[in-house]
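# Structural features, examined
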Amino acid sequence: MSEKLPNSSDLAAWKKSAAKSIPGGDVAAINWVTPEGITVKPLYTKQDVDGLPYADTLPGFEPFVRGPQATMYAVRPWTIRQYAGFSTAEESNAFYKRTLAGGGQGISVAFDLATHRGYDSDHPRVRGDVGKAGVAIDSVEDMKILFDGIPLDRVSVSMTMNGAVLPVLAGYIIAAEEQGVAREKLSGTIQNDILKEFMVRNTYIYPPTPSMRIVADIIEYTAKNMPKFNSISISGYHMQEAGATQALELAFTLADGQEYVKTALAKGLDVDDFAGRLSFFFGIGMNFYLEVAKLRAARLLWRRIMKGFNAKKPKSMMLRTHCQTSGWSLTEQDPYNNVVRTAIEALAAVFGGTQSLHTNSLDEAIALPSDFSSRIARNTQLIIQEETHICNVIDPWAGSYMMEKLTQDMVDQAWAIVEEVEAMGGMTKAVESGWAKLKIEQCSAEKQARIDSGKDVIVGVNKYRNEKEEPVEIREIDNTAVRESQIARLKQIRASRDSAAVQGALDALTECARSGEGNLLDHTVNAIRLRATVGEVSDALEKVWGRFRATSQVLSGVYGAAFEQDDEWLELKREVDTFAAAEGRRPRMMVAKLGQDGHDRGSKVVATALADLGFDIDIGPLFQTPEEAARQAIENDCHAIGASTLAAGHKTLVPALIQALKDQGGEDIIVFVGGVVPPQDYEFLNRAGVAGIFGPGTSIPACAKQVMRAIRTASHATV
C-alpha cells in the first residue's frame, strides 16, 4: 500500500504552518523582491509552472533554454579562459604560456587603455596609461611577440577590443599569417561591441553611426574569410559592472545584438551567413538564482529575436556565451573572501550553461592580479570540472519549480525592456539619447545606497568587518619603463618600413571611410601588414569621423532617497547648509576621471550622492589630462577635486594633477582620490599632497563627512 504524501493542493496547510514562525503571520512578508521587481518566494510548487510553455524541453533543441548543445558538459566542458594582459607583450606572452601549461584552454587578451583608445604609446595624452591595465600594442610587431610560440591554429583567442578594433584585429590576422597560420584557421572572438561602450565602459573613439559601420564591416569580412572566428561578442558584462540589474543587463545586451543584426543585414548579408558566428558575454554576480535564470532566459529570447529575422539554421538561433565572474563584487576589505565569491559566481555560470568562463582573482579590487591569485582563480574552474561531477548532468536545474518560474520572470522583465527600446527606434537611438546610460546609472546609485545603508550586506565591508586588514602582495607595473620600451620599438618600426607605402595604405583607408565604399577591415589589414601603427590607423579614420565626446549628467534624488530617515545623513545635510549660509555658497567639488580610464560607475555614484547632500558638483569630461582637470577646477572655483581611478595610473596621474594645480595657481584646491588604490600606495599619495583616499567599500556618507570637514577647515584658514 502506497503512503499518501502532501502535494501542492495542501499549500494552504503549509502557509498555515509556516505562519506560526513568521512575525505577524504573513507568509508574503518573507518574499524577496529583487531590484528589478521580481518576487522570489520562499516556496515554489507545481502550480507555479503550470502553463509555462518552455518548462518541458530538451537541450540542443529550440528554444535552447536547457543549453545550445545536446550533450553540453557531459561530453565537452566549458572552455577555461583567463582574461589577462600585463605591461609588455613579452610579459603577457609568458603569462599565457604558463596559463596554458597549467590547464587553461584559451587565451583572453586584456589591452591597455592607450590601445583601447587608439593611441600609440608615445602620444602625450597616455603617459599614465601605457601598460597599466593591460598589454600595450602599437603594431603587428607587438602582436607577434604577444603570440610567439602559441600555435594560433590550435589555441582560440578572445580579444576584448572595441574602440581600436580594426588595427587590433588586423594585427592578429597578420601575426598569424607571419606565423604561417591562414586566417581561415583562426578561432576565437573579437568583442567588437561598440554600443555598450557608449553606455558604460567608454573606450570608444568615433561617434556611434560610423562606429556601427566598423562593426558591420568586421562581420562582413569574417563571414567571408574567417569561418571559425566569432565576429562579435555582444557584451552585458560591463553593464552589470556599471550597476545594471540582471534583467536590465539581459535586455540591453539582447537589444544590442538585435541592432547589430540589423546593421549586418543592411550590408546585404544573409542572416544565416553570419548569425552563427555571433556570441555573447555576460557578467555573473552574487545574485545566484537570478544569474542562472538569466542565462537560460537569454537563450530563449535570442531564439525569439532571430526567428523575427527569419533565420532558418538552428545555429543562427543559438545563443552561445562567454561569462566572467564579477569584478565589482570583489572587495578590498578581507580580500580572501573574494575566493568564495568567485567560486559561487562560477557555479552560477556553469549551472546557467556558459560556453567559456573567466574567473576573477582575489586581489583585483586592489591591483592587477598576481600569478598567485590567478592560479587560484583558474583552479577554481578546474576543481569544478574535475572534482565535483557537476559536468555529468545537463542543466541540473531543469524541472525546478523555482528555476523554471524565475526563468520565465526574467524573460518577461527583459522582453518588456527590449520592446521599449524598439519603440524608441532601436538601441543606437537609445544610446544616442542618453536614456540607456541613465537607466544603468540609476540602478547603480540605488545599489550603492542599499549597501551604504546596510540593506544589502557585504561580508567584511558593511558587516563582520575585520578590525585590522592584512596587506596582500600585489603586482606592480613600472609604467615609465614600459612606455620607454614601447617608444623605442615604435621608432625602430618607423625607421625600417616603407613610409610611402604605409601612407598610401592609410590614405586608402581614409577614403574608404569618407566614401562608404569598400571594407574598412580589408584596408586596415593592408596598412598593418606594411607596419602602420594602431595610432596611425585611428588617425586615418579620425580625419573623417572625428573623436566622440560624451556629455555627463548628474542624477538627483536617487541615492538620497535611501537615507531620508537616516540621522547621520540628515546631520551632514545640515552641515552643508550651515556652510553655505556662512560662506555665501555651497561646497563645490569637481569629480574627475584622469587618463584614458572610462569606467565611471564610482565617480557618477559619488557625484549623485554629494549632489543629494547639497554640494555643487562639476563632472569633468572623460579622458582629461591632469592639466585640463586642474584648469577646469580653478575656472569653476572648486573647493576640492575627487580623482577617480580604476586603472592603476594613480601614482603617475594624481601627482601630476597636484603639480598642475600649483602651476596654475590653484594650490588651495583640496585633492581626494577614490577607486582601486592598493593600501601600499596610500603613503605615496599622502606625501604627494592627497587629503584623503577612499578605497572600494568606503561608504559615501563617510567620504562626504571627511570631504566636508577638509573644505570647512580650509575655508576658515583662508578667511
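Residues numbered from 1 in each chain as written. Predicted model: local features only at pLDDT ≥ 70, side-chain atom pairs only at ≥ 80, totals over all residues. Heavy atoms only, no water.

## What to know about the pattern of salt bridges
Stated precisely, the cut-off is as follows: We define a salt bridge as a contact between a side-chain nitrogen of Lys or Arg and a carboxyl oxygen of Asp or Glu at a distance within 4 Å. Only DSSP runs of H or I reaching four residues or more are called helices, and only runs of E reaching two or more are called strands; each is numbered from the N terminus. Remark: exposure states derive from per-residue accessible area (1.4 Å probe, protein chains only) relative to the maximum for the residue type, with buried under 20%, exposed over 50%, and partly exposed in between.
Under the criterion given, the structure shown has 50 salt bridges. Between Glu 249 and Lys 294 there is a salt bridge, with its nearest N and O atoms 2.6 Å apart. In this pair, Glu 249 sits in helix H9 (residues 246-266) while Lys 294 sits in helix H11 (residues 288-308), placing the two residues 45 residues apart along the sequence. In this structure Glu 249 comes out as buried when scored by relative accessible area, which is 0%.

## Looking at the side chain of Thr 321
To be explicit about the condition: The criterion used for residue contact is that any of the two residues' heavy atoms lie within 4.5 Å.
Relative to the assigned elements, Thr 321 resides in strand E10 (residues 321-325). Once residues within four sequence positions are removed from consideration, Thr 321 is found in contact with Phe 280, Phe 281, Phe 282, Thr 354, Gln 355 and Ser 356.

## With respect to the packing of aromatic side chains
Put simply, the test is: Centre distance within 6.5 Å is the pairing criterion for rings of Phe, Tyr and Trp, where only the six-membered ring of Trp is used; planes under 30 degrees apart are then read as stacked, over 60 as edge-to-face, and the remainder as tilted. Should the NZ of a Lys or the CZ of an Arg lie within 6 Å of a ring centre and within 35 degrees of the ring normal, that charge is described as sitting over the ring.
Scanning all chains against the criterion turns up 22 aromatic pairs. Measuring from centroid to centroid gives 5.0 Å for Tyr 73 and Trp 78, while their planes differ by 70°, and the two rings are edge-to-face. The burial state of Tyr 73 is the same as that of Trp 78; both residues are buried. A ring pair is formed by Tyr 237 and Phe 281, whose centres lie 5.0 Å apart and whose planes are at 5°; its orientation type is stacked. In this pair, Tyr 237 is assigned in helix H8 (residues 237-241) and Phe 281 in strand E9 (residues 278-284), connecting sequence segments 44 residues apart. Using a relative accessible area of 4% as the deciding quantity, one classes Phe 281 as buried. Taken together, the aromatic side chains of Phe 198, Tyr 204, Phe 548 and Phe 623 make up a single cluster linked through ring pairs. If you follow Arg 117 out to its NZ or CZ, it ends over the ring of Phe 623, 3.4 Å from the centre.

## Description of helix H20 (residues 520-529)
Defined as follows: The reported arc concerns the directions from the helix axis to the C-beta atoms and nothing else. Identification of polar contacts relies on pairs of N or O atoms within 3.5 Å, with a donor-acceptor requirement for protein atoms, meaning one able to donate a hydrogen and the other able to accept it, and with residues adjacent in sequence counted only if both atoms are side-chain atoms.
For H20, the complete set of buried residues consists of Leu 520, Leu 521, Thr 524, Val 525, Ala 527 and Ile 528. The buried residues of H20 occupy an angular sector of 165° when the element is viewed end-on, so they sit on one face. Where the residues of H20 are buried, they touch helix H4 (140-146), helix H5 (165-179), helix H7 (208-225), helix H19 (499-515) and helix H21 (534-545). Looking at where H20 begins, the residue whose side-chain oxygen comes 2.9 Å from the main-chain nitrogen of Leu 521 is Asn 519. Positive backbone phi, at 85°, marks Arg 531, one or two positions downstream of H20.

## Examining the pairing of strand E13 (residues 616-619)
Heads up, the condition is: One bridge is not enough; two strands pair if DSSP finds at least two bridges between them. Here the term right-handed applies to a crossover when the path leading from its first strand over the helix to its second strand runs clockwise, the strands being oriented away from the viewer.
Here strand E12 (residues 588-593) pairs with E13 via 4 bridges, running parallel. Residue pairing for E13: Met 590 is matched across the bridge by Asp 618. For the crossover from E12 across helix H23 (residues 601-613) to E13, the handedness is right-handed.

## Points about the sheet that holds strand E3 (residues 79-84)
Short version of the rule: Note on geometry: axes are C-alpha line fits, over the in-contact stretch for helices, and angles between N-to-C directions span 0 to 180 degrees.
Ordered in space as E7-E6-E5-E4-E3-E11-E10-E9-E8, the 9 strands form an open sheet in which the pairing is parallel. Each of the sheet's edge strands pairs with one partner strand only, and the pair in question is strand E7 (229-230) and strand E8 (232-235). Sheet topology note: the E9/E10 ladder contains 5 bridges and is parallel. When the sheet's bridge partners are listed, Gly 283 is paired in E10 with Gln 324. Strands E9, E10 and strand E11 (356-358) of the sheet are contacted by helix H13 (residues 337-352), whose axis makes an angle of about 165° with E10.

## A closer look at the environment of Gln 503
With respect to the helices and strands, the residue Gln 503 is situated in helix H19. When its relative accessible area of 36% is taken as the criterion, Gln 503 is described as partly exposed. Between the C-alpha atoms of Gln 503 and Ala 532, which are 29 residues apart in sequence, the distance is 8.3 Å.

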